[in-house]
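Tertiary structure, described
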Amino acid sequence: MSLSLTLAEIAELTKGRLVGDGPDAITAAAPFESAGPSEITYAGDAKFLKRLADTGAGAVFVPRPVDDFPGCQLVVANPQVAFVQVLNHFHPPERPEAGIHPRAVVAEDVQLGEGVHIGPCAVIGEGVKLGDGVVVHPNAVVMNAVEIGDGCLIYPNVTIGKGTRIGNRVIVHAGAAIGSDGFGFAPDGQRYHKIPHTGMVQIDDDVEVGANVTIDRATFDRTWIKRGVKIDNHVHVGHNVVVGEDTVLVAHVGIAGSTTIGHHAVIAGQVGIGPHIQIGDRVTPVSYTHLRAHETQEVISYAVFCW
C-alpha cells in the first residue's frame, strides 16, 4: 500500500491552509536543503522563510504565506509539529509481533495485557503487570511488583527496579536504570552506613527516558517524573526528586535528592542541581550552571536562556 499523500490530505491531517500549486502527491518528508519536488519540508522561523526560494521541495509548511515561492505552501500554526505529523505517516513506528520469546524468563504470576511482546533474554519478575501493547526488548529486566501501562516501549538492557510505577505510552531507551538505590549514607565519623531506600519511582504518561539515564528510588514515598517529561541521555535524577509536567532535562544534567522542578522548565545540558532546591515553572538554567542549596532559600523562578 502506498504511503503517498495528496496535498489536500496533508492539509486535512495538519489543519493547514493550501496556498499555491504543488505536486499531485507527496511521497516523503525531507530536510529543507535536500527536499525534492515530490517531497515536503518546513520553514519554521524567519531564517528559513527568507530562503524559501532555495529549497527544491514541492511543498513547505510555513507559519504565514511567502511571496515568490513556486511550490505549494501549507500555512499552519506550528510548521515543525505539522512536519512531524507527516513524517510519522511516512515512517510509522515499528513494533514487533505479540508473544513471549522462548528464551525470556517470565514469572508465573505476571499479568499481561493484550498484544504484549517480550524479547529474548528479557526477565520479568514476580507480581509484574504489563499493559496492552507493551514491548520489552532483549535483555531488559523488569523486577518484582513493577506496573507498566499501555503502549510502553522498553528498549534493550533497561533495568526497572522493584515497585516502579510507569504510566501509558512511556519510552525507556537502552541502558537506563530506573529504581536503583539513591545515594544515601549516614556517617559516624569513621565509616558510612547505608540508608535503606524503601520508596519507589513513579513515571507518569507520555514520558521519554533517554539512554543510560538513572532515576533513583526514593528513600521514602516516591521519586516522581510527571506527565510529558522528556529526559535526554546520560541524566541522573536523585532520590525523592519531583520533575513537573512537560519539563525537559538535557544531556548530562545531575539533580540531587529532594529537589523539585516546576512544569515546562528546560534544564540545559550539564547543569548540576544540589539537594533540597525548588525550581519554578518555565525556568531555563544555562549550561554548566551549578545550583546549591546554601545559595538560596527561595524558589528559583528566573529564566536564564542558553544556546
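Residues numbered from 1 in each chain as written. Predicted model: local features only at pLDDT ≥ 70, side-chain atom pairs only at ≥ 80, totals over all residues. Heavy atoms only, no water.

1. A look at the packing of aromatic side chains
- Summed over all chains, the structure comprises 3 aromatic pairs.
- Arranged with centres 5.0 Å apart and planes meeting at 40 degrees, the rings of Tyr 42 and Phe 83 form a pair that is tilted. Taken together, the residues span a long stretch of sequence, with Tyr 42 in strand E3 (residues 39-42) and Phe 83 in helix H3 (residues 79-90) at a distance of 41 residues.
- You can call Phe 83 buried: its relative accessible area is 10%.
- Judged by centre distance (5.1 Å) and plane angle (70 degrees), the ring pair of Phe 183 and Phe 185 falls under edge-to-face.
- A relative accessible area of 71% places Phe 183 in the exposed class. (Phe/Tyr/Trp six-rings, centres within 6.5 Å; stacked < 30°, edge-to-face > 60°. Helix = DSSP H or I, 4+ residues; strand = E, 2+ residues; numbered from the N terminus. Buried < 20%, exposed > 50% of the residue type's maximum accessible area, 1.4 Å probe, protein only.)

2. What about a nonpolar patch on the surface?
- There is a patch of nonpolar side chains on the surface, built from Phe 183, Phe 185 and Tyr 192 and spanning about 410 Å² of accessible area.
- Tracing the backbone through its elements, the reader meets Phe 183 in the loop between strand E19 (177-180) and strand E20 (185-187). (Patch = residues over 30% accessible without salt bridge, like charges linked within 9 Å, V, L, I, M, F, W, Y side chains within 5 Å. Areas by Shrake-Rupley, 256 points an atom, 1.4 Å probe, with all protein chains shown as cover. Salt bridge = Lys/Arg side-chain N within 4 Å of Asp/Glu carboxyl O.)

3. Digging into the sheet that holds strand E33 (residues 272-273)
- If you walk across this open sheet you meet the 10 strands as E7-E10-E13-E16-E19-E24-E27-E30-E33-E35, and the pairing is parallel. Edge positions in the open sheet fall to strand E7 (105-106) and strand E35 (290-291), since each of these has one partner strand only.
- Taken together, the 3 bridges between E19 and strand E24 (residues 214-216) define a ladder with parallel strand orientation. Bridge pairing in E24 links Ser 180 to Asp 216. (Pairing = 2+ DSSP bridges.)

4. Things to note about the pairing of E19
- Direction of pairing for strand E16 (residues 159-160) relative to E19: parallel, over a ladder of 2 bridges. Across the sheet, the residue bridging to Ile 160 is Ile 178, located in E19.

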